[in-house]
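Architecture at a glance
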Amino acid sequence: QLQFVESGGGLVQSGGSLRLTCAASGPTFEHYNIGWFRQAPGKEHEGVSCISSSEGRAYYEDSVKGRFTISRHNANKTVYLQMNSLKPEDTAVYYCAACSFGDVLMGIVFGSWGQGTQVTVSS
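To keep things clear, this report deals only with the structure shown in the data block. Sequence order sets the numbering: in each chain, residues are counted from 1 along the sequence as written. Local features are withheld for residues below a pLDDT of 70 in this predicted model, meaning they are given only at 70 or higher, and side-chain atom pairs are given and counted only at 80 or more; totals for whole chains, interfaces and linings count all residues. Excluded from the side-chain calculations are hydrogens and water; all other atoms, namely the structure's heavy atoms, are used.

1. Some details on unusual backbone geometry
In terms of backbone geometry, most residues other than glycine have negative phi values and most peptide bonds are trans. Even without glycine at this site, Lys77 takes up a positive phi of about 55 degrees. Phi at Ser85 takes a positive value of approximately 50 degrees, unusual for a residue other than glycine. Its location among the elements puts Ser85 in the loop between strand S8 (78–83) and strand S9 (92–101). Working definition: with a 1.4 Å probe on protein chains only, accessible area under 20% of the residue-type maximum means buried, over 50% means exposed, and in between means partly exposed. For Ser85, a relative accessible area of 40% corresponds to the partly exposed category. The way it works is that DSSP assigns letters per residue, a run of H or I at least four long becomes a helix, a run of E at least two long becomes a strand, and they are numbered from the N terminus.

2. Quick notes on the sheet that holds S8
Each strand in a sheet pairs with another by means of backbone hydrogen bonds, the pair being arranged parallel or else antiparallel. A pair of strands counts as paired when DSSP detects no fewer than two bridges linking them. Taking strand neighbours across the sheet as the criterion, the four strands line up as S1-S3-S8-S7 in an open arrangement whose pairing is antiparallel. Strand pairing shows two members of the sheet lacking a second neighbour, strand S1 (3–7) and strand S7 (68–73), which therefore form its edges. Each neighbouring strand pair of the sheet contributes to a mean axis angle of 15 degrees, computed without reference to strand direction. Relative to strand S3 (residues 18–25), S1 is paired through five bridges, and the arrangement is antiparallel. Angles here are taken between N-to-C directions and fall from 0 to 180 degrees, while the axes themselves are lines fitted to C-alpha atoms, restricted in helices to the stretch in contact.

3. Describing the nonpolar core
To form a nonpolar core, buried Ala, Val, Leu, Ile, Met, Phe, Trp, Tyr and Cys residues must be joined to one another through side-chain atoms within 4.5 Å. One finds Trp36, Phe68, Leu81, Met83 and Tyr94 to be the most contacted residues of the largest nonpolar core, which totals 26 residues. Judged by nonpolar contacts, the second largest core, of seven residues, contains Tyr59, Cys99, Phe101 and Met106.

4. Quick notes on the environment of Pro88
With respect to the helices and strands, Pro88 occurs in the loop between S8 and S9. In the structure, Pro88 is positioned 76 residues away from Val12 in sequence and 9.4 Å away in space, judged by C-alpha atoms. Apart from residues no more than four positions distant in its own chain, Pro88 is found in contact with Ser14, Val121, Ser122 and Ser123. We call two residues contacting when some pair of their heavy atoms lies within 4.5 Å.

5. Some thoughts on the state of the cysteines
Any cysteine sulfur atom paired with another within 2.5 Å is treated as part of a disulfide. This model, assessed by the stated rule, comprises two disulfides. Disulfide pairing is shown between Cys22 and Cys96; the S-S distance is 2.1 Å. Around the S-S axis, the bridge from Cys22 to Cys96 shows a dihedral of about 75 degrees and counts as right-handed. Here Cys22 is found in strand S3, whereas its partner Cys96 is found in strand S9, with 74 residues between them in sequence. In terms of burial, Cys22 and Cys96 fall into one category: buried. Paired through a disulfide, Cys50 and Cys99 show a sulfur-sulfur distance of 2.0 Å. Disulfide Cys50 to Cys99: torsion about the S-S bond roughly 95 degrees, handedness right-handed. One end of the pair, Cys50, is in strand S5 (residues 46–51); the other, Cys99, is in strand S9, and 49 residues separate them in sequence.

Set out below in structure tokens:
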């Protein structure tokens, strides 16, 4: 079973940038699509981005397209989320997990949330 540890969150002003890191453990990391979810105060988890295991495909939620970039390094079992042009509505706890995606949606696979990393964007 894959386990994930998220890091890189913080407090930034609107328009700023952060790079989140997801460090995974387990022997089958490279077999899965891995992505980022977030949970804003008082809301449920929502998918942000999901990257394919080996085919170079990625999903982005509409509100982050053009601002966020997901990448992965399979040898290091690591997934990144580069977040630029941050907005207050991006404020949430961000989690990584195995995911699935199509053209218009994404979901969690083998769902169990870790601790996450807090991203706070001030205006």
